[in-house]
Structures are given as structure tokens and as C-alpha cells.
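Below, each chain spelled out in residue letters.
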Amino acid sequence: MYSRLLYGGRITLGMVVAVVVLVAPLGLAVGCVAGYAGGIWDRLLMRVTDIFLAFPRLILALAFVAALRPGVTSAVAAIALTAWPPYARLARAETLGLRGTDFIAAVRLCGATPGRIVLRHIAPLCLPSLIVRVTLDMSSIILTAAGLGFLGMGAQPPSPEWGAMIATARRFILEQWWVPTAPGLAIFVASLAFNLLGDGLRDVLDPKQGV
Amino acid sequence: MIDIDGLRVRFGANEVVHGISLAVPRGGSFGLVGESGSGKSTILRAYSGLNPEWTGAMRLDGAELGRRRDRAFFRRVQMVFQDPYGSLHPRQTVDRALNEPLIVHGLEDRDARIARALSDVALPRNVRFRYPHQLSGGQRQRVAIARALMAEPDVLLLDEPTSALDVSVQAEVLNLLRDLQERRGLTYLLVSHNLAVVAHLCSVIGVMQGGDLVETLSAADLRAGRVRHPHTAELRALTVELEEDTAQPAAAG
Amino acid sequence: MLVEIDNLRVAFSTPSGWAEAVRGVSLTLGREKLGIVGESGSGKSLTARSLLRLLPGNARVQADRLAFDGTDVLTASEKQMRAIRGKRAGLILQDPKYSLNPVMTAGDQVAEAWRAHKGGSKRAARRAAVDLLAQVRIRDPARVAGAYPHELSGGMGQRVMIAMMLAPDPELLIADEPTSALDATVQAEILRLMEDLVSRRGMGLLLISHDLPLVGHFCDRVAVMYAGRVVEELRAGELAHARHPYTRGLLDCLPRLSHPEARLAVMHRDPAWLAA
Ligand SMILES: Nc1ncnc2c1ncn2[C@@H]1O[C@H](COP(=O)(O)OP(=O)(O)OP(=O)(O)O)[C@@H](O)[C@H]1O
Ligand SMILES: Nc1ncnc2c1ncn2[C@@H]1O[C@H](COP(=O)(O)OP(=O)(O)OP(=O)(O)O)[C@@H](O)[C@H]1O
Ligand SMILES: [Mg+2]
Ligand SMILES: [Mg+2]
């Protein structure tokens, strides 16, 4: 039981990390390019973002997994697909604020190419708020992953993913309530931990605190 | 060197520069003064290519400038911004800021160039690895000037280079700008609201009001009070009035 | 007395111990205009900020007395301070474009300042905001009210900040370099506006600037700061007869319209001034 819980942590948290690794750079890239290029690019990219944003996350993920084969990989792909739009929005908002500043104008006057400006000068400034947002979001990614597992669309039952564990143990909830409760608690604790981490990071990374 | 002819700049439906013309010879310096919000910074930004929404003609050394500027242009023309708090990247050290133009233009010998630029603007060596928020306003502005000089331009566009500085640093920066001009034959287009600063550095002065260049006169004429436009006269009168309070005994002491 | 400062010291914790930035400043201010001049880094802004307890977290403030209209700022509760800040004492910050909210229009920011202290409907606040912008001599205030900070010229940003601070009719106005980006005509107008508030409504004004002639012309008294101390305090009219070599140096390195010079004098700082 305990070892299943720990081992399940590896799967659930592994899924979360995989999602984040996919999502954060994608959102950052889309947002920064849209924000900096402006005009037609901005409109195009933001409409695409809006389309993804308009679907409820779990349902889109469900549909996507159902279309593919249920399993960890497709669950990760599905969650990633639905998780990037908020980051794109955030990065775009930050970029719009930065685009008009004098220090970016100064880099343009050095003759730097737009690619270089976005990559070396704008993206690093968007990063802190993005990181904070990601850690705060991790809990909801855990929940989505667990939700998919619970519905049988993520990791498959014999493998000890937390959501799937709850699903299989649901039958004993009256006689042996601790069996499904343990993974539930694990989900809760992990989510809380990421939220606290996010809060802490926000304090550390907040540019106004300056070091 | 700089030639601007019938320049108009608009932001959306709002035209803020209504067709101004000016010319600065090689090695010369032209000062723009005038009402706040009259479009002085906008002219500099249009010339440097930061604002593509203009009509009219602008030339650099006889060559017509288009909407887009190439890298060679940025080697020849550099700008110093009005606000030293806003013109340095908050997360980059002085070293990084000064390196940027060198990397972009692929110049060799970066260490030596940076060290020389810092000593040119009279900054101590140890500011090289500091962040902007660890510098005072005056030091930041000198970093901005050093950055503009990195790629060895021929033309400097200076937007209020000293208005954020205290008077003792202002004197140092003005002396520095004058030395650089003598040593390297730079051409200046300088914006300031301080008539005394402009008259000190520039031989020809243009006065702006509400998007128009209402008067162009020589520094000597301005000093002597040979002005034609009422706005120029008003600016001059207020400046002289302030100066007189402190002038006599200071000159005696 | 509106403001009493006695032996104010402000220090920052650094890796090598406490570094004192303000080293024993004493000032008083009634319903009058006091100017503070001095070079960059001499502690002018810190002195002003301590008065409203608006210092960075790593700062330590000590004073024999630090009071605003009888309220001891050092021991006042955070609630008392909030009632003072913005409403009874306004602070015009030094770097206006940095201090304005980049994603809010100028008009909204002024309207918010107005509403926070006067209440009333959004519409009324909006009208009052346009009115205030006109008072600080912004041409076309209706358009500027709808502009974001990056769409403003340097001088406009500064005036938006001034309009925000004048909105609640403060009893004390601390203006940190309020006119450094303004041309002479607008500057004269803004100073006239402040003058009017001082003489008509009995406001106290603390004007921080490095423009010695301006301060001398406009204020009643001038305090000259150097390296965290007030080295000389004199009546504005006597500025031309200042005795301290630092004050004299400040006067000498100004470029002058009426006396052209090939090179400006630069200041030679004497280590002895630190001890003075
Ligand atoms: N990005 C922008 N979008 C819209 N309007 C702008 C923008 N930048 C400047 N303006 C407007 O253009 C006009 C001229 O601004 P500019 O910055 O050139 O003035 P300035 O002469 O430099 O004034 P100051 O001395 O106060 O700096 C102002 O009315 C300003 O509101
Ligand atoms: N957060 C901080 N941490 C450490 N030192 C600081 C901090 N803020 C200010 N200082 C130091 O305190 C000193 C006084 O700063 P202050 O801002 O009062 O100068 P000032 O007289 O207003 O100068 P200026 O004319 O440039 O505005 C400076 O030397 C500065 O380096
Ligand atoms: Mg300007
Ligand atoms: Mg200050």
C-alpha cells in the first residue's frame, strides 16, 4: 500500500513535470512572439489561444485521450494541449508592457534582430511570473492527471497512479476507507506543497523586491 | 549630416509633429527646446527608426532613410534616452548592456572597448558588474551614454541627457559631450528643456511649440535676446529671471 | 509646526554592517515652502520618505523626533499612517513614469486618487480628473486622460503624477524633483499652482530639487544637503551669499545663458565636508 503510494507519486508527479516541460516553453514562445510582433501575428496566435481556452480543460483532455489510446503518454499530451493557453496569455501581457519601454528600444537601436530581442531580453523578464504561475498551477495539473486516471483515461489500473488508485479502491470505501483516502491525501498534500512553493517563489522572484 | 525635411509624425488619428525641417552639418550640433509634449522626443525616435509612422524625408549623410533601418544605420546613429531609470534593462548588468552592441555588430576586443568606454564617461571600473538599481541616476545616465558610444557612431541623438542629473554631474556630462565631439567629430541632435544647457553645447537652436518648429536661431542670438517668436522670448525671460537671482555674487566669488 | 524632524538617521543593512545614508538631519516646516537641494545620493529622497514611513524593508530609521502635525511617525500605527499618506500628505515621486501603473490610463489613475479621498461617482471622478489635468497645464487633457503612461511625453508623466497628488487637497506636499522634465513655462505654471495652494489653503511644501536657482527663487528657506547631512540652511534670498564651499560649488557649475563658458567648472569635493 505505502509502496504503491510512493511509486504512484513517481507516475503522477512525473506526468506533472512532463506537462510543465512541454507547456511552459510553448506558452512563453507563443505569448512573447504574439506580444512583440503585434498586428496580424498577434491576432492569429491569440485567436488560436482563445479556442483552446474556451474548452473546459478536463473535457477537452477526455475527448483527446478517447480519440487516442488511454495511457500515460496520451494523458500528458492531452493535459499539455489544454494547459498552455493561460501561459501564452500571461507572457503576451508581460511582453506588451515591456515592448514600449525605453530599454527595449535601446536594444533595437543597437541593431539587434527581433528574434534576439525576444529571446535574450524579453523572455527572461517574463520568466519569473511564468514560473510562479506554473507552480501555482501544478496542483490543478495534478488534479487533472488524477481525474483522468480516476476516469480510466490516464494511467491504467494496475499501475499505481494516484487517481487510478482511488478509482480501483472506490469499492471498499465503506469497509476500508483508508485505502482510497491515502492517495486522496497524497494528492491534497502534493497540491498544497506546490501552492506554498509558488507563494514562496513569488516573494523571491518579485522584481520589485530587487536584490 | 542629418537632414530632415517636412517630417510629420502621427499616433493613430493624432498628428503630433506637423512638418518640421532641420539640417545639421557634420560635426555640428543642433539643439531642440520647447514646450513639454511638443514632439521633441518624437522627432528623435522617428529619426532613429523607432517610430515607423512618419511622412516626409529624412537623410543621413545624403542617403535617404526608409521605413526600415539596417544594421549599418545603427552603427552610425545612436540615441540616449530621456529617462535613465527606464532605459537600462533592470535584470542586466552594466557589462551586459555594454556588450550588446558589440555582439550585434560583431566587434572584437570587447574587454578593452568596455574598459575604455567606462573611463570615457568617467565611471569607476567597479560599476561594470553592477545592476542598474545599484547605481544613482547620474551613473545610469553615464552608462547609457557609454552604451551609445560603444559602436563608435558618427551621430548621437540625445534626449534630455542631463535633466535627471544634479548640477555637478550635469557639468561633468556636458564637458564630456563637448570633449567627445572635439575628439571624434561627432554630430549631435540634442533635446533639452534647459536653455542654458542647449546654448552651452549647440551652435544652432530650434524652438518647438505644439508640434511646429516655430523658430530657428543661433546660440549667440539667443544669449543676446535677438529672438522673434513670443514662445522663445517667454522661455528666455524665465530662464534669465532665475539666473539673475544667483548670478552676480557667484560670479564675484 | 506641520513637520518636525530632529536628528533623523536612516541606515541600510549591508553585508558589511549598517551603512548610514542619512546622518542626523534636523528640519522643521510650517505652512511654508522649504527647499532641499543637494547632489545625487545625498539622502534627500530618503529624508522625505521617512516622513511618510515609506522606506524599503532593509532600512532602519532612528530619530529624536519625527512628527507630522503632532503625530509621532515612528510610533504611529499603520492605520494612522494610512490616514496621513495620500490624504493629508502627498508625495510626488521622483521617477514619474516608473511610478505610474503601466496598464492603467492616466485619467483613471488620477480619478482613482480623487475618489479614494473624496468619494462620489465614477463619472464625477472622471470629470474631476480631466479638470486636474487641465490645471497642470496639459494641452488636450481629454485625450491625455485616455492615454497609457508609455504614450505620454516625459513632462506629461510628471504632471499626471502631480495631478494625482493634488487631487485630495493635502496639507503637506512633498515634491521630489517635480519639474525636472518640464520646460520653463510649464514649470513656472506648476510652481504658481503650488504657491497658490500654500498661500491660499495654508499647505506646507517640501520641494526637493537639484536646481538651486529654481529653489532659491521659489522657496522661503533652503536646506543644502551633502552626504546625509544638512550642511547649510539659509533664507532663500541669501542664497547668493552662501558660505559653505559645497553650496558655492553647486552655483558655480551651472551653465548660464548670460555668461557663456567654454568649459564648466566641476566640483572638487573636500573630505572635510563629511565631518562638518
Ligand atoms: N506611443 C505614443 N502613442 C500615442 N501618443 C504618443 C506616443 N508617444 C508620444 N505621444 C504623444 O506625442 C506628443 C509628443 O510627445 P513627445 O514625447 O515627443 O514630447 P516632448 O516634446 O519630448 O515632451 P517632453 O519635453 O515632455 O518630453 C505628446 O502629446 C504625446 O502624448
Ligand atoms: N534600497 C536601498 N538599499 C541600499 N541603499 C540605498 C537604498 N535606497 C537608497 N540607498 C542609498 O541611500 C543614499 C541616499 O539615497 P536618496 O535616494 O535619498 O538620494 P537623493 O538625495 O534623493 O539622490 P537623487 O538626487 O539621485 O535622487 C544613496 O547613496 C543610495 O545609494
Ligand atoms: Mg521628451
Ligand atoms: Mg532622490
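The structure contained in this document is the topic of the report that follows. Keep in mind the model is a prediction, meaning the values are calculated, not measured.

1. Here's the deal with the overall build of chain C
In terms of helices and strands, chain C carries 11 helices and 11 strands. Expected size for 276 residues packed as a compact globule is a radius of gyration near 19 Å; at 19 Å, chain C falls within 12% of this value. Taking the principal axes of the C-alpha coordinates as reference, chain C spans close to 60 × 50 × 40 Å. Burial statistics for chain C: of 276 residues in total, 55% are counted as buried.

2. Considerations on the nonpolar core
Of all hydrophobic cores here, the largest spans 113 residues; its most connected members are I205 of chain B together with I92, V110, V160, L173, M194 and Y246 of chain C. Residues in contact with M194 of chain C, not counting those within four places in the same chain, are I92, L173, A175, P178, M203, L205 and F218 of chain C. Y87, L148 and I187 of chain A together with V104 of chain B belong to the second-largest nonpolar core, a separate cluster that totals 54 residues.

3. Quick notes on empty space enclosed by the protein
All names here are of chain B. Scanning the entire structure with this criterion turns up four cavities of 30 Å³ or more. Reported here for the largest cavity is a volume of approximately 90 Å³. Considering the residues around the largest cavity, the lining is formed by R113, R116, A117, D120, L149, M150, E152 and R184. The leading source of residues in the lining of the largest cavity is helix α4 (residues 110–120), at four residues. A class-by-class count of the residues in the lining of the largest cavity yields three nonpolar, no polar and five charged.

4. Regarding the coordination of the magnesium ion (ligand 3)
Residues and elements named next belong to chain B. Here the magnesium ion (ligand 3) is held by S41 (OG) and Q82 (OE1), and the distances to it run 1.9 to 2.4 Å. Here S41, found in helix α1 (residues 40–47), pairs with Q82, found in the loop between β6 (77–80) and α3 (94–104); they are 41 residues apart in sequence, far enough to count as distant. According to the relative accessible area criterion, Q82 is buried, its value standing at 15%.

5. Quick look at helix α5 (residues 137–149) of chain B
Counted at 1.5 Å a residue, the expected span for α5 of chain B with its 13 residues is 18 Å, and the 19 Å between its end C-alpha atoms agrees. With 13 of its 13 residues buried, α5 of chain B lies for the most part within the structure.

6. Focus on the packing of aromatic side chains
Taken as a whole and judged by the stated rule, the model has four aromatic pairs over all chains. Ring centres 5.4 Å apart and planes at 75 degrees place the aromatic pair F73 of chain B and F74 of chain B in the edge-to-face group. An identical accessibility class is assigned to F73 of chain B and F74 of chain B; each is buried. Here a set of aromatic residues connected by ring pairs shows up, and it is made of Y47, F73 and F74 of chain B. The ring of F73 of chain B is capped by R69 of chain B, whose NZ or CZ atom sits 5.0 Å from the centre of that ring. For K33 of chain C, the ring lying beneath its charged end belongs to F218 of chain C, and the centroid distance is 5.0 Å.

7. As for the sheet that holds strand β9 (residues 204–209) of chain B
All names here are of chain B. Pairing is mixed in the open sheet, where six strands are placed in the order β6-β7-β8-β3-β9-β10. Every other strand in the sheet has two partners, leaving β6 and β10 (212–218) as the edge strands with one partner each. The sheet shows a mean angle of 15 degrees between the axes of neighbouring strands, direction not considered. As judged from the four bridges shared by strand β3 (residues 29–34) and strand β8 (residues 187–191), these two strands associate in the parallel manner. Residue F30 lies in a different strand from β8, and its bridge partner there is L189. Helix-sheet contacts for α5 involve β6 and β7 (155–159), and the interaxial angle to β6 is about 175 degrees.

8. Here's the deal with the arrangement of the chains
Sorting the two pairs of chains in contact by contact count puts chains B and C at the top. Chain A makes no contact with chain C; the smallest distance between any of their C-alpha atoms is 6 Å.

9. Some thoughts on the packing of helix α3 (residues 57–67) of chain A against helix α4 (residues 72–99) of chain A
Residue and element names in this part refer to chain A. Running from N to C, α3 and α4 point in directions that differ by 140 degrees, and their axes come no closer than 9 Å. Taken together, the axis directions place α3 and α4 in an arrangement best described as oblique. Read as a crossing pair, α3 and α4 show a hand that is right-handed. Residues R57, L60, A61, F64 and V65 of α3 pack against S74, A75, A77, A78, L81, T82 and A83 of α4.

10. Observations regarding the site of ligand 2
All names here are of chain C. Among the 13 residues in the neighbourhood of ligand 2, the closest are listed as S40, G41, K44, S45 and Q94. G43 has a polar backbone atom sitting 3.0 Å from an oxygen atom of ligand 2. One of the side-chain N or O atoms of K44 is found 2.8 Å from an oxygen atom in ligand 2. A total of 650 Å² of accessible area belongs to ligand 2 in isolation, and the protein chains cover 65% of it. For the shell around ligand 2, the leading source of residues is helix α1 (residues 44–51), giving three residues.

Rules behind the numbers
Residues numbered from 1 in each chain as written. Chains lettered and ligands numbered in written order. Predicted model: local features only at pLDDT ≥ 70, side-chain atom pairs only at ≥ 80, totals over all residues. Heavy atoms only, no water. Helix = DSSP H or I, 4+ residues; strand = E, 2+ residues; numbered from the N terminus. Rg over C-alpha atoms; globule rule 2.2 N^0.38 Å. Buried < 20%, exposed > 50% of the residue type's maximum accessible area, 1.4 Å probe, protein only. Core = buried A, V, L, I, M, F, W, Y, C linked by side-chain atoms within 4.5 Å. Contact = heavy atoms within 4.5 Å. 1 Å grid on protein atoms, 1.4 Å probe; cavity = no way out; pocket = protein on both sides within 12 Å on 5 of 7 lines; lining within 4 Å. Points joined across faces, edges and corners; volume = space filled by probe spheres on them. Nonpolar A, V, L, I, M, F, W, Y, C, P; charged D, E, K, R; others polar. Donors = N, O, S within 2.8 Å, 3.2 Å for Na, K, Ca; no water. Expected span 1.5 Å × (residues − 1). Phe/Tyr/Trp six-rings, centres within 6.5 Å; stacked < 30°, edge-to-face > 60°. Lys NZ or Arg CZ within 6 Å of the ring centre and 35° of its normal. Pairing = 2+ DSSP bridges. Axes fitted to C-alpha atoms, helices over the stretch in contact; angles between N-to-C directions. Parallel < 35°, antiparallel > 145°, perpendicular 65-115°, else oblique. Left-handed = near helix turned anticlockwise from the far one by under 90°. Near = heavy atom within 4 Å. Polar contact = N/O pair within 3.5 Å; in protein donor to acceptor, adjacent residues only side chain to side chain. Areas by Shrake-Rupley, 256 points an atom, 1.4 Å probe, with all protein chains shown as cover.

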